[in-house]
Structure formats: C-alpha cells, structure tokens
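An overview of the molecular structure
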Amino acid sequence: GQNIDQPTEMTATEGAIVQINCTYQTSGFNGLFWYQQHAGEAPTFLSYNVLDGLEEKGRFSSFLSRSKGYSYLLLKELQMKDSASYLCAAYNFNKFYFGSGTKLNVKP
Amino acid sequence: ETGVTQSPTHLIKTRGQQVTLRCSSQSGHNTVSWYQQALGQGPQFIFQYYREEENGRGNFPPRFSGLQFPNYSSELNVNALELDDSALYLCASSLEAGGQETQYFGPGTRLLVL
C-alpha cells in the first residue's frame, strides 16, 4: 500500500525557521515533491527531490533520504504569506501519492 | 497564474447523476493528471493521460473515466454520483509524463452531490 505521513498542523513565528517532515511508504518510488496550497487555491510547486540530499531554492529547501523514506521541507525567514498547507507527494511510475498536508500558521 | 483552466468552478448534482468536468492544459503539455481533494485532505490521484492514452490510475472505480484531446483539453467523467464524490477536483498538466516534470494545477472544480 501507499502511506504518506505529515504532521497535521504547525505554528511558527514570523522570521523564524520551520521544518515540516514527511515520511512515506510506497511500493515503488521515483521522487518526492513538495507543494504549497493556500486556502481555497490550487497547489503550487515548491520543490522536487529524486536523489538523497538537500535541494535549496531561496528561502525554501527540501531534503530527501530514500533509505529512510523521509523528507523534510525547511522554510527560512518565515513571512506571514507563508501561512498555508504544505503537501508532500511521492511519485511512483506515473502515479502521485499526496499526504494530507501540514497546515502552517505563521504568527507575528 | 499557471495557464491551466478548469470549468465549471462550482457544480451541484444529485446522487445518481453523471457529471463532466473540463480542463484546458498549458499549450504543449502532453500530460494531464486528475485529482480529487476532499476538505482538509491532500489530493488523491485519479488518473493520468499522456498523448490521449490513460497512463496511470489510482484507486478509483471505473465510473471515473477520462478523455484527453489533441488540443490540450481533457475531461473527467463521473457516472452514478455518490454523496462521497463531493470534493474539489483538480487537474494538473505537465510537459511530459516523467516524474521529474513539474505539474501545474488548475484552480479546480468544486462539486457538491446532494
């Protein structure tokens, strides 16, 4: 079966750093995506990891460990506009498996 | 703006009816995927079409079917609607079918089944 786990909700302060974890168990694996979804809007692409290690994109970084079935999204210098749900998705041979999302609340 | 559009934005149907949802992909994008997103949940993969052929399917019954057309548009058809089909339906297009391709999501169609 397919199982993607993320924390349901997190709260962090503006200007801080937050790490959102994702663990996955899938029958096959080709890569892991992170998406941001603001309430009432469609998901937007943040990052993609296929190899182990850290991918950095400005304030956002994503890490993958294939052997541990683990990924995290790191958000630095948090801004109020970062309040959203963050979805991790495992990709396996033309099928995508999304977690339920982590709702991030950024407070002043 | 992702360049992916969907219609209608909202729809109300009754149990047992059939519905067709439409998606217009970015020009040149050969792949479209459809997702169902229940409130408070992540998107659930329904299926993917690549160059007008089904290229992968999630755990959805056969009453969920699709079509992709040469003009980068596609449809999701749902027969014999059930109350649990009430959800946001998202389509996402990408250039090719490989896992490294970024998907661009449309704004979604919110379906309510009464």
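This text goes with the structure placed above it.
Because the structure is predicted, anything quoted here is derived from the model rather than measured. (Residues numbered from 1 in each chain as written. Chains lettered and ligands numbered in written order. Predicted model: local features only at pLDDT ≥ 70, side-chain atom pairs only at ≥ 80, totals over all residues. Heavy atoms only, no water.)

**Points about the overall build of chain A**
Looking only at helices and strands, chain A has 0 helices and 11 strands in total. Starting at the N terminus, the α and β elements of chain A follow one another as β-β-β-β-β-β-β-β-β-β-β. Compactness check: chain A gives a C-alpha radius of gyration of 13 Å against a globular reference of 13 Å for 108 residues, within 12% of the reference. Along the first, second and third principal axes, the C-alpha atoms of chain A reach 40 × 30 × 20 Å. (Helix = DSSP H or I, 4+ residues; strand = E, 2+ residues; numbered from the N terminus. Rg over C-alpha atoms; globule rule 2.2 N^0.38 Å.)

**So, the sheet that holds strand 3 (residues 19–24) of chain B**
Residue and element names in this part refer to chain B. Within the open sheet, the 4 strands sit side by side as 1-3-8-7. Their pairing is antiparallel. The open sheet has two edge strands with one neighbour each: strand 1 (5–7) and strand 7 (64–68). Ignoring strand direction, the axes of neighbouring strands in this sheet form an average angle of 20°. Judged from the 3 bridges that link them, strand 1 and strand 3 form a sheet pairing that is antiparallel. From the neighbouring strand, Gln6 faces strand 3, where its bridge partner is Cys23. (Pairing = 2+ DSSP bridges. Axes fitted to C-alpha atoms, helices over the stretch in contact; angles between N-to-C directions.)

**Brief notes about unusual backbone geometry**
Residues and elements named next belong to chain B. Omega for the peptide link from Ser7 to Pro8 comes to -10°, which places this bond in the cis form. Inspection of the secondary structure puts Pro8 in the loop between strand 1 and strand 2 (10–13). Positive phi outside glycine occurs at Glu52, with the angle close to 75°. With respect to the secondary-structure elements, Glu52 resides in the loop between strand 5 (44–50) and strand 6 (53–57). Residue Glu52 is classed as partly exposed on the basis of its relative accessible area, which comes to 41%. (Buried < 20%, exposed > 50% of the residue type's maximum accessible area, 1.4 Å probe, protein only.)

**Remarks on the interface of chain B and chain A**
In this assembly, 23 residues from chain B lie in contact with 15 residues from chain A. Here chain B and chain A share an interface that buries about 1,600 Å² over both sides, 54% of which is from carbon and sulfur atoms. For the interface between chain B and chain A, the tally reads 0 salt bridges. Summed over the shared surface of chain B and chain A, the number is 2 residue pairs in polar contact (both at pLDDT 80 or more). Where the side of chain B that touches chain A is concerned, the elements lending two or more residues are strand 4 (31–37), strand 5 and strand 6 of chain B. Partitioned by chemical class, the residues of the side of chain B that touches chain A number 7 nonpolar, 14 polar and 2 charged. (Contact = heavy atoms within 4.5 Å. Buried area = accessible area lost by both parts, 1.4 Å probe. Salt bridge = Lys/Arg side-chain N within 4 Å of Asp/Glu carboxyl O. Polar contact = N/O pair within 3.5 Å; in protein donor to acceptor, adjacent residues only side chain to side chain. Nonpolar A, V, L, I, M, F, W, Y, C, P; charged D, E, K, R; others polar.)

**Points about the state of the cysteines**
Two cysteines form a disulfide when their sulfur atoms are joined by a covalent bond. If you walk through the whole model with that rule in mind, you get 2 disulfides over all chains. Paired by a disulfide, A:Cys22 and A:Cys88 hold their sulfur atoms 2.0 Å apart. The disulfide joining A:Cys22 to A:Cys88 has a torsion of about 65° about its S-S bond and is therefore right-handed. Placement of A:Cys22 in strand 3 (residues 18–25) and of A:Cys88 in strand 9 (residues 84–92) is noted, with a sequence separation of 66 residues between them. This pair shows no difference in class: A:Cys22 is buried, exactly as A:Cys88 is. The disulfide partner of B:Cys23 is B:Cys91, and the gap between their sulfur atoms is 2.0 Å. (Disulfide = S-S within 2.5 Å.)

**As for the pairing of strand 5 of chain B**
All names here are of chain B. Within strand 5, 5 of the 7 residues are buried, which leaves it mostly tucked inside the rest of the structure. Where strand 4 and strand 5 come together, 6 bridges link them in antiparallel fashion. What sits directly across from Val32, in strand 5, is Tyr49. What sits between strand 4 and strand 5 in their antiparallel hairpin is a turn of 6 residues, with Gly40 showing a positive phi close to 80°. Relative to strand 6, strand 5 is paired through 4 bridges, and the arrangement is antiparallel. Residue pairing for strand 6: Tyr50 is matched across the bridge by Glu53. Two successive antiparallel strands, strand 5 and strand 6, enclose a turn made up of 2 residues, where Arg51 displays a positive phi of approximately 50°.

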